[in-house]
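The primary structure of each chain is shown beneath.
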Amino acid sequence: MKKRKGKERPFSRPLGNAALPARKERGLSQGQVSNQTGLDPRTILNIENYNGNPRLDSLYTIVRFYGIDPRVFFYHERALDDPARSEFHALVDTCTEDETVALTPIVRAILEALREKGSVNLDDNT
């Protein structure tokens, strides 16, 4: 009998591609992850095999347990490994709430100006 595969959803592959290496980097078995997180071992197996549709509480648990950046599967089409984007995110992550509130309208205005002009080659601005 042929094994029936669950429906692969748009987030399934990026989530599985993040979860499996995270587990292996920690040297954990699926059973150990199950014991430490309280998740059913089948949930972990399904995530790693791009199957199923994990409940929000399971998704939350696995993302927090591994420290996965949720943008990896919510915005997988973006190049999250782009060094400039990573540097920008890291810089923003260091901001206090007050700094974030102050910077948001400034960044929004700069983006609107850049987008009005079209793609700007910042390398030419020396």
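Owing to the predicted nature of the structure, the values given are computational and were not obtained by experimental measurement. By convention here, each chain's residues receive numbers from 1 onward along its written sequence. In view of the model being predicted, local features appear only for residues whose pLDDT reaches at least 70, and side-chain atom pairs are presented and counted only at 80 or more, with totals across whole chains, interfaces and linings using the full set of residues. Neither water nor hydrogens contribute to the side-chain values; these are computed over all heavy atoms in the structure.

*Asks:* Explain the pattern of salt bridges to me, please; I cannot follow it from the model alone.
*Replies:* Where charged atoms of side chains with opposite charge meet at close range, the side chains can pair. For this analysis, a salt bridge means a side-chain nitrogen from Lys or Arg found within 4 Å of a carboxyl oxygen belonging to Asp or Glu. For the coordinates displayed, the defined rule picks out three salt bridges. For Arg42, the salt bridge is made with Asp40, and the minimal N-O distance between the two is 2.8 Å. A salt bridge links Asp57 to Arg55, with the shortest nitrogen-to-oxygen separation between them at 2.6 Å. With relative accessibility at 57%, the residue Arg55 sits in the exposed group. Categorising residues by exposure relies on relative accessible area from a 1.4 Å probe, with only protein chains included: less than 20% of the type maximum marks a residue as buried, more than 50% marks it as exposed, and the intermediate range marks it as partly exposed.

*Asks:* What is the right way to read a nonpolar patch on the surface from this model?
*Replies:* Here the term patch refers to residues with relative accessible area over 30% and no salt bridge, with like charges joined within 9 Å and nonpolar side chains (Val, Leu, Ile, Met, Phe, Trp, Tyr) within 5 Å. Accessible surface is estimated by sampling points in the Shrake-Rupley manner with a 1.4 Å probe; for residues, cover comes only from the protein chains shown. On the surface, Phe88, Val92, Leu103, Ile106, Val107, Ile110, Leu111 and Leu114 cluster together to form a nonpolar patch covering roughly 610 Å² of accessible area. Here the nonpolar patch takes six residues from helix 7 (residues 97-117), the largest share from any one element. Helix and strand assignments come from DSSP, with helices taken as H or I runs of at least 4 residues and strands as E runs of at least 2, each series counted from the N terminus. Looking at the element boundaries, Ile106 is found in helix 7. On the basis of relative accessible area, Ile106 is assigned to the partly exposed category, the value being 46%.

*Asks:* I keep staring at helix 1 (residues 12-25) and nothing clicks. Help me out?
*Replies:* For the α-helix, the turn length of 3.6 residues means that residues three or four positions removed from each other point alike. The first and last C-alpha atoms of helix 1 sit 20 Å apart over 14 residues, in line with the 20 Å expected at 1.5 Å per residue. Contacts: residue pairs with any heavy atoms within 4.5 Å of one another. In the core, the buried residues of helix 1 are packed alongside helix 2 (30-37), helix 3 (41-48), helix 4 (56-66) and helix 5 (71-74). Once helix 1 finishes, Gly27 follows within two positions and takes phi at roughly 65 degrees, a positive value. Expected helix span is taken as 1.5 Å per residue step, with the number of steps being one fewer than the number of residues.

*Asks:* Would you explain the side chain of Ser58 in this entry?
*Replies:* For Ser58, the position within the fold is in helix 4. By relative accessible area, Ser58 is classed as buried at 11%. Among residues more than four places away in sequence, those in contact with Ser58 are Leu39 and Thr43.

Don't take any of this as a statement about function, it's just geometry.
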